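Notes for the structure review
Listed here are the chains, written in short residue letters.
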Amino acid sequence: MQTLPELPIGDSSFESIRQTRRLYVDKTRNFYEMATKGKYYFLSRPRRFGKSLTVSTLKCLFQGQKELFDGLWISEHGNWEWKEHPVALIDFNSIPHQDPDIMSDALTLTMKQTAKRHGISIETRYVETQFQELILAMESKFGAGVVVLVDEYDKPIISHLSKGPEAMEIAKKNREIMKSFFGVLKGANVMPCLRFVFFTGVSKFSRVSIFSELNNLEDITLVEDYADMLGYSPEELKQYFGGYISAMAEKQGVSETDMTRRLAEHYNGYRFSRKEVRVYNPFSVMSALKHKALDQYWFETGTPTFLVDLIRENNWHPPQIEEMIATPTMFSTYDLDDLKPEALLFQTGYVTIKSVQSGYYTFDYPNREVKIAFLETLFHSYAGNLRERSRFIRISEHLLKEDLDAFIETVRAIFSSIPYELETKRDEAYFHTLFYLMV
């Protein structure tokens, strides 16, 4: 029996994956294109899509760890200069942000730890000047351009959404600190010291907020050349995961063709440009192949509470989501003072581009996994005060069996169970939404 390489689920360290010979889908051609054609980049993608692994790979690449790239595209085909550059990695996954003071102290600690690893010291007091001093000192010591990698830059903001007015104020104060901090990279004395700058996160805030001081970032979120840089294309799934698909098909008692089709229905469908290129969610499809079962893996890693609240606050009728139409300015950026459901739904991965016509983008759920899980979450939010929630779940079952008598009986039972005080506070649209979510 063929021995398959271990799947690196949950491991976002390129160095760890390569040293232990676990499966790595080669994206180094994209990284080569970025590093040789530009200097300042921004990329947003939904969670669990490989952003941290991308940052880790870029770190190893610029550190000149050539042995880790043996057999990959950049080693065999790219004319890459394996020169060591000093790297400043700022990972907001590990930086506390409960309030602005805590975040500032954590950033200061990050600056000092980075300086210590490079054998230098920083003496200034304020976090912005510490960042500037760090970059200048690293470039001076190593005689090479500094690489700045920022992972999950937006976490200190989006973590506070939908948690009340006080939390929103914290988010805004954190935003102001980050605005000044990142603005260091645009300084006249800092820019010549930089070799490469890369920001990544789930969301894209407007340039007038966080990035107003750093307006030279090239946003490649919707650029066709990078549409499949994160996520797995159908060709990559076949090339790298063929053995796993065969094993899963055998367990499920279906053909490999049928198994591939089912995997696509559940986990493929994300589209990030005008180009007709769709990719699988890496975390979901690897989890399915590991466990040999189709399930809701990605959704279980986080509940979009703030999205559900925003949809309800804006009185969105859920069927609107499936045929949402927007221009790029409506869904590509947003700000704390103007949270747009269209932008949040797309950037967090709950809808994706369906088609593009005359500059207008139509959206839909990317796949079965996301649609089922998200609608279930919406349902439980809308039905939170209803005693007969379990009866709603039976509605679709009765319709599938074409048992209209049972369907009508269930509907009557539900309405009779609704408390009077609740019924008087809900309009017709509310109940239309409930039935849509379960049918």
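Computed from a predicted structure; not experimentally measured.

About the criteria used
- Residues numbered from 1 in each chain as written.
- Predicted model: local features only at pLDDT ≥ 70, side-chain atom pairs only at ≥ 80, totals over all residues.
- Heavy atoms only, no water.
- Helix = DSSP H or I, 4+ residues; strand = E, 2+ residues; numbered from the N terminus.
- Contact = heavy atoms within 4.5 Å.
- Areas by Shrake-Rupley, 256 points an atom, 1.4 Å probe, with all protein chains shown as cover.
- Buried < 20%, exposed > 50% of the residue type's maximum accessible area, 1.4 Å probe, protein only.
- Polar contact = N/O pair within 3.5 Å; in protein donor to acceptor, adjacent residues only side chain to side chain.
- Core = buried A, V, L, I, M, F, W, Y, C linked by side-chain atoms within 4.5 Å.
- Lys, Arg positive; Asp, Glu negative; His and termini not counted.
- Salt bridge = Lys/Arg side-chain N within 4 Å of Asp/Glu carboxyl O.
- 1 Å grid on protein atoms, 1.4 Å probe; cavity = no way out; pocket = protein on both sides within 12 Å on 5 of 7 lines; lining within 4 Å.
- Points joined across faces, edges and corners; volume = space filled by probe spheres on them.
- Nonpolar A, V, L, I, M, F, W, Y, C, P; charged D, E, K, R; others polar.
- Pairing = 2+ DSSP bridges.
- Phe/Tyr/Trp six-rings, centres within 6.5 Å; stacked < 30°, edge-to-face > 60°.
- Lys NZ or Arg CZ within 6 Å of the ring centre and 35° of its normal.

1. Structural notes on the overall build of the chain
A tally of helices and strands in the chain yields 20 helices and 10 strands. Pairs at least 24 apart in sequence give 72% of the contacts found in the chain among residues at least 6 apart. If you sum the accessible surface of the chain, you get close to 20300 Å²; carbon and sulfur atoms cover 47% of it.

2. Re helix α11 (residues 282–291)
The buried count for α11 comes to 8 of 10 residues, which makes it a mostly enclosed element. Within the sequence span of α11, burial applies to Pro282, Phe283, Ser284, Val285, Met286, Ser287, Ala288 and Leu289. A side-chain oxygen of the first residue of α11 lies 3.0 Å from the backbone nitrogen of Phe283; this N-cap is Asn281. Downstream of α11 by one or two residues, Lys292 has phi in the positive range, about 55 degrees.

3. Overview of the nonpolar core
In a soluble, globular protein the nonpolar side chains are often hidden away together inside. One finds Met34, Tyr153, Phe182, Phe196, Phe199, Leu345 and Phe374 to be the most contacted residues of the largest nonpolar core, which totals 107 residues. For this core, the leading source of residues is helix α8 (residues 165–183), giving 6 residues. Residues within four places of Tyr153 in sequence aside, it is in contact with Phe42, Phe92, Met178, Phe182, Phe199, Thr200, Gly201, Ser203, Lys204, Phe205, Ile210 and Phe211. Of all hydrophobic cores here, the second largest spans 21 residues; its members include Leu23, Tyr244, Met259 and Leu289.

4. Here's the deal with the side chain of Asp26
Within the element layout of this structure, Asp26 appears in the loop between α1 (14–19) and α2 (28–37). Here Asp26 is buried and forms no salt bridge, its nearest opposite-charge partner Arg18 lying at an N-O distance of 7.4 Å. Here Asp26 is in contact with Leu72, Trp73, Glu236 and Tyr240, once residues within four sequence places are set aside.

5. Quick word on the layout of surface pockets
A volume near 1100 Å³ is recorded for the largest pocket. Every residue lining the largest pocket is counted, 45 residues in all, and those nearest its centre are Arg47, Arg48, Phe49, Lys51 and Glu152. Among the elements of the structure, α3 (51–62), α7 (155–158), α11 and α12 (305–313) are those that each provide at least two residues to the lining of the largest pocket. Top contributing element to the lining of the largest pocket by residue count: α3, with 5 residues. The residue makeup of the lining of the largest pocket, split by class, is 21 nonpolar, 15 polar and 9 charged.

6. A few points about the sheet that holds strand β10 (residues 360–364)
If you trace the 3 strands from one edge of the open sheet to the other, you get β8-β10-β9, paired in antiparallel fashion. Here the strands that pair on one side only, and so sit at the sheet edges, are β8 (325–326) and β9 (352–357).

7. Quick notes on the pattern of salt bridges
Within this structure, the stated rule accounts for 11 salt bridges. A salt bridge links Glu33 to Lys37, with the shortest nitrogen-to-oxygen separation between them at 2.6 Å. Residue Glu33 and its partner Lys37 are located together in helix α2, separated by 4 residues, close to a single helical turn. Assessed through its relative accessible area of 24%, Glu33 is described here as partly exposed. According to the relative accessible area criterion, Lys37 is exposed, its value standing at 63%. Here Arg261 ties to Glu265 by a salt bridge, and the two come within 2.7 Å at their closest N and O atoms. One end of the pair, Arg261, and the other, Glu265, are both in helix α10 (residues 256–267), 4 residues apart, so they sit about a helical turn from each other. The partly exposed category is assigned to Arg261, whose relative accessible area is 41%. Among the residues examined, Glu265 registers a relative accessible area of 39% and is labelled partly exposed. Among the charged side chains, a network of salt bridges with common partners joins Asp258, Arg261, Arg262 and Glu265.

8. Considerations on the sheet that holds strand β2 (residues 87–91)
Here 5 strands make up an open sheet; going across it, the order is β2-β3-β4-β1-β5 and the pairing parallel. Edge positions in the open sheet fall to β2 and β5 (218–219), since each of these has one partner strand only. The pairing of strand β3 (residues 146–151) with strand β4 (residues 194–201) spans 5 bridges and is parallel. Within β4, the position partnered with Val150 by the bridge is Phe199.

9. So, the packing of aromatic side chains
Here the structure, examined in full by the defined rule, presents 29 aromatic pairs. Relative to Phe241, the ring of Tyr232 lies with its centre 5.2 Å away and its plane at 40 degrees, an arrangement referred to as tilted. Here Phe241 falls in the buried class, since its relative accessible area comes to 0%. Following the ring pairs from residue to residue traces out a cluster consisting of Phe14, Tyr24, Tyr32, Tyr41, Phe62, Phe69, Trp73, Trp80, Trp82, Phe196 and Phe198. The ring of Phe272 is capped by Arg45, whose NZ or CZ atom sits 3.9 Å from the centre of that ring.

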